[in-house]
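# An overview of the molecular structure
Next come the chains, spelled out residue by residue.
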Amino acid sequence: MLQPYRDQFNAQFTPSKYADLISRLNRATRTTIEFRIAETPCFFPQSLLDELTRTGAELTDQLLDNPAYMQASNQTIPAQYLVPNENPHPNFMTVDFGLVRNPDGTLSPKLVELQAFPSIFGYQDILVPQYIETYNLDPNLQGHLGGLTEQSYWELLRKVILNSHDPESVVLLEIDPDHQKTLPDFHVYEDKLGISTVDITKLTKRGNRLFYHRNGRDIPIHRIYNRAIVDELERKNIHLPFDYRDDLNVEWAGHPNWYFRISKYSLPYLNHPSVPRAVFLDDWFARRNIESLPTDREKLLLKPLYSFAGKGIQFAPTDKELNAIPPADRHLYLLQERVTFEHTIQTPHGLTQAEIRIMYLWPDDGALQPAIALVRLGRGLMMGVDHNRDKEWVGSSAALCPKV
């Protein structure tokens with residue numbers, strides 16, 4: 001979008017440079033990256049990124065400052081996963097936006113979804129400089145938000161994840177981490193913060209303490225950087241060596257309850273120009289709160305509340321598809337206004353859509369801080385990298401803008 005960077009990049013791009021980018025990233029993350037990396041970064045004006053970061057913070061505040069919403073969100077946490085000692089606010093926020101074209105030709109952000117769960121903060125900080133160095137881009141370009149530098153970014157991540165604990169007593173907890181596509185991200189934290197990545201099924205519980213095993217020792221865990229997603233536990237029928245309801249002597253960096261509290265469930269409660277209209281499916285069947293929802297099914301999406309990476313989304317759902325959802329489960333789905341996002345990134349394969357994720361960090365004793373942006377490029381119905389595997393100039397990317 002931002003000239004002259006866009007045209008210059010396209011003119012100077014070569015496949016060999018892209019191959020070099022992939023090699024550099026694999027070396028920097030000590031693994032082979034399995035998801036698709038876009039050939040190009042995205043060049044955005046500072047004014048757009050400022051608008052996105054401001055909007056994401058406004059939406060977050062709108063939820064946390066609403067006692068009625070916080071009370072209602074209690075019901076989102078399944079009883080078997082209700083974890084004690086919840087933090088007063090989430091440590092991580094991600095807010096995804098697409099861009100829509102206004103009648104006057106300008107662009108505005110439109111919310112895709114928001115989630116109080118960590119994204120790939122480590123990997124994204126590696127991706128930004130690799131784009132700049134590999135393609136010999138203007139060194140005045142930056143990828144951090146809110147005035148952060150690489151040094152202050154990692155100081156903030158260290159504060160949020162470690163909270164002054166010895167790195168040996170802090171673990172990144174995941175399900176079968178060696179086979180997750182986000183393994184490159186895990187390796188970055190290991191290298192930068194000195195923490196260990198641990199399979200959630202391999203923990204040991206003694207009394208109200210959790211331990212992990214390393215080099216012949218059982219090491220007590222004081223803080224958990226939580227990356228385990230409950231719907232994956234359910235889908236794989238995984239049995240854990242502890243109960244989420246246990247009153248454990250451990251801190252959470254990313255308390256699990258917030259994954260449910262701020263999610264797709266939040267959309268009907270938000271009132272903001274950037275938020276598409278949405279209702280819970282059980283309300284739609286009861287004809288409640290549907291006045292502003294489009295009646296044309298082609299303009300609707302059906303979304304399960306607790307799925308990851310776009311799983312289960314249906315476009316233009318039919319009566320048969322809606323009625324197939326058991327009445328007892330309808331509160332777990334949203335009917336949402338379908339938004340047409342603008343394709344704004346010029347590539348050799350034509351204009352491409354950018355979905356921009358603003359990623360925030362929120363220390364236990366601090367304020368919400370925009371930290372970095374992640375971009376997904378796509379030309380299909382779905383934006384996830386899995387849905388664009390057979391295309392070029394799509395996938396995981398970064399947002400760059402000139403330093404002020």
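Residues numbered from 1 in each chain as written. Predicted model: local features only at pLDDT ≥ 70, side-chain atom pairs only at ≥ 80, totals over all residues. Heavy atoms only, no water.

### Quick notes on the overall build of the chain
Counting its secondary structure elements, the chain contains 11 helices and 19 strands. Its C-alpha atoms give the chain principal-axis dimensions of roughly 60 × 55 × 35 Å. Every one of the 404 residues in the chain was classed for burial, and the buried ones make up 56%. Put simply, 74% of the contacts in the chain that link residues at least 6 apart link residues at least 24 apart. (Helix = DSSP H or I, 4+ residues; strand = E, 2+ residues; numbered from the N terminus. Buried < 20%, exposed > 50% of the residue type's maximum accessible area, 1.4 Å probe, protein only. Contact = heavy atoms within 4.5 Å.)

### With respect to the sheet that holds strand β6 (residues 196-199)
Consider a sheet: its strands pair through backbone hydrogen bonds, and that pairing is either parallel or antiparallel. An order of β6-β5-β10-β11 is seen for the four strands of this open sheet, with the pairing classed as parallel. Every interior strand has two partners, whereas the edge strands, β6 and β11 (251-253), have only one. Strand-to-strand twist across the sheet, computed as the mean angle between neighbouring axes with direction ignored, equals 35 degrees. Those strands touched by helix α6 (residues 150-162) are β5 (170-174), β10 (223-226) and β11, and its axis lies near 115 degrees from that of β10. Lying over the sheet, helix α7 (residues 183-193) contacts β5, β6 and β10, oriented at roughly 175 degrees with respect to β5. (Pairing = 2+ DSSP bridges. Axes fitted to C-alpha atoms, helices over the stretch in contact; angles between N-to-C directions.)

### Section: the pattern of salt bridges
Counting across every chain of the model gives 26 salt bridges. For the salt bridge of Asp-191 with Arg-30, the shortest nitrogen-to-oxygen distance reads 3.1 Å. A residue pair is termed long-range when its members are at least 10 positions apart, and Asp-191 in helix α7 and Arg-30 in the loop between α2 (15-29) and β1 (42-43) qualify at 161 residues. A residue is classified by how much of its surface remains accessible, and Asp-191, at 46% relative accessible area, is partly exposed. Arg-357 is the partner of Asp-96 in a salt bridge, and the nearest nitrogen-oxygen pair spans 2.7 Å. Here Arg-357 lies in strand β17 (residues 350-361) and Asp-96 lies in strand β2 (residues 92-101), a separation of 261 residues in the sequence. One continuous salt-bridge network, built from bridges that share partners, spans Asp-96, Glu-355, Arg-357 and Arg-376. (Salt bridge = Lys/Arg side-chain N within 4 Å of Asp/Glu carboxyl O.)

### Re the side chain of Thr-197
As for its position among the elements, Thr-197 is in strand β6. Taking relative accessible area as the criterion, Thr-197 reaches 11% and is therefore assigned buried. A polar atom in the side chain of Thr-197 sits 2.7 Å from the side chain of Glu-190. (Polar contact = N/O pair within 3.5 Å; in protein donor to acceptor, adjacent residues only side chain to side chain.)

### Description of the environment of Asp-191
Residues Asp-191 and Ala-28, 163 residues apart in the sequence, show an inter-C-alpha distance of 9.7 Å. Non-local contacts of Asp-191, meaning those with residues more than four positions away in its chain, are made with Ala-28 and Arg-30.

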